[in-house]
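Architecture and fold: a report
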Amino acid sequence: MITRSLAEQLRNAQHVVVFTGAGASAESGIPTFRDALTGLWERFDPAQLATSDAFRADPSLCWGWYEWRRHKVLQAHPNGAHLAIAELARHVPKLTVVTQNVDDLHERAGSQDVIHLHGSLHSPRCIDCGLHYMLPLTSEAQPEGGGRIEPPRCTACDGHVRPGVVWFGEMMPEGAWSLGLAAAERCDVFLSIGTSGIVYPAAELPLRALGLGATVVHVNPVRFDVSSQEHFLEGPASMMMQNLLHEAFGDHPVS
Ligand code: OAD
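The subject of this paragraph is the overall build of the chain. A count of helical and extended segments in the chain gives ten helices and eight strands. In terms of overall size, the chain behaves like a compact globule, its C-alpha atoms giving a radius of gyration of 19 Å where 255 residues would be expected to give roughly 18 Å. With the C-alpha coordinates of the chain rotated into their principal frame, the extents come out at 55 × 35 × 30 Å. Counting all 255 residues of the chain, 54% fall into the buried class.

With that settled, consider the pattern of salt bridges. Between side chains of opposite charge, a pair can form as their charged atoms come close. The final tally for this structure, using the stated rule, is nine salt bridges. The closest approach of N and O atoms between Arg208 and Glu185, which form a salt bridge, is 2.7 Å. Taken together, the positions of Arg208 in helix α9 (residues 204-211) and Glu185 in helix α8 (residues 176-186) put the pair 23 residues apart, joining distant regions of the chain. For Arg208, a relative accessible area of 31% puts it in the partly exposed group. If you follow the salt bridges from partner to partner, you end up with Glu185, Glu204 and Arg208 in one network.

According to the domain assignment, the chain consists of domain 1 (1-29 + 77-118 + 172-255) and domain 2 (31-75 + 121-165). On the side of domain 2, eleven residues touch domain 1, which itself brings 13 residues to the contact. The junction of domain 1 with domain 2 conceals about 860 Å² of combined surface from both sides, 57% of it contributed by carbon and sulfur atoms. Taken as a group, Ala22, Gly29 and Val102 account for 41% of the area that domain 1 buries against domain 2, more than any other trio of residues on that side. There are zero salt bridges connecting domain 1 and domain 2. Across the side of domain 1 that touches domain 2, the residue classes break down as five nonpolar, five polar and three charged.

To continue, consider the packing of helix α1 (residues 4-12) against helix α10 (residues 237-249). Contact pair α1 / α10: the axes reach a minimum separation of 8 Å and the direction vectors enclose 80°. Viewed along their axes, α1 and α10 adopt a mutual orientation that is roughly perpendicular. Contacts between α1 and α10 involve Leu6, Ala7, Leu10 and Arg11 from the first element and Leu244, Glu247, Ala248 and Phe249 from the second. Tallied by class, residues from the contact of α1 with α10 come to six nonpolar, no polar and two charged.

Rules used throughout
Residues numbered from 1 in each chain as written. Predicted model: local features only at pLDDT ≥ 70, side-chain atom pairs only at ≥ 80, totals over all residues. Heavy atoms only, no water. Helix = DSSP H or I, 4+ residues; strand = E, 2+ residues; numbered from the N terminus. Rg over C-alpha atoms; globule rule 2.2 N^0.38 Å. Buried < 20%, exposed > 50% of the residue type's maximum accessible area, 1.4 Å probe, protein only. Salt bridge = Lys/Arg side-chain N within 4 Å of Asp/Glu carboxyl O. Domains from an automatic or database assignment. Contact = heavy atoms within 4.5 Å. Buried area = accessible area lost by both parts, 1.4 Å probe. Nonpolar A, V, L, I, M, F, W, Y, C, P; charged D, E, K, R; others polar. Axes fitted to C-alpha atoms, helices over the stretch in contact; angles between N-to-C directions. Parallel < 35°, antiparallel > 145°, perpendicular 65-115°, else oblique.

Structure representation (structure tokens):
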């Protein structure tokens, strides 16, 4: 429930951190990470696809899955949650968006300087020499389910081109973690939206913020336990964020 005191804390905040997970993009039609393995992909475990060992063992399987996701993202539009977050930046002195998502829906909604802890679907690079590529989608990456797609070869070293996302066991992009952590440690309100909070170190950010006295708010349609110092807004991100903006600043819904 959005209490009067929560609305007031947001209204008076000097620095707000918005931390998002796959649930923030769910209403744009992007399956959440742990729901994503549907259709052709349902027999795979995320850990089978999201590691560099998996890519090296079966590049066309892994590349096909990520190209299918990229296709879905390119077809999608920012939803009310992305728009409300961009709108929130106009009401508070400082707002930092830190996301675990590999899509660009925050940017397309108008958020600036988004910190991507887990990289981006749109920045593939050579798995061997690291050369970056801008690749158009091929017609093979159909949204109906996709399938195997042979990844391109690097023009410099002939290595396979891999997705620009962070896989299990890999380091986060240089700078992203330190910027995200610094923001979490300095903010006075921390909004954690649409994340299962099970993938570390990203999931440490709300804990750090809470430990340093920030007001921590979780937004999720699926209830989980939080401490008595935290707030839980139970519902879809778009509705809860628009309601929060309305309560704190009297804004009309954005869509
Ligand atoms: P998950 O798929 O683990 O969790 C998505 C969360 O969103 C769940 O808690 C859902 O209940 C919630 N959710 C679903 N619909 C929602 C809605 N409309 N509004 C708000 N919340 C909703 O996704 P993440 O927490 O982002 O990392 O996963 C974290 C990381 O795990 C991903 O970045 C990815 C994965 O491994 C890497 O690839 C390194």
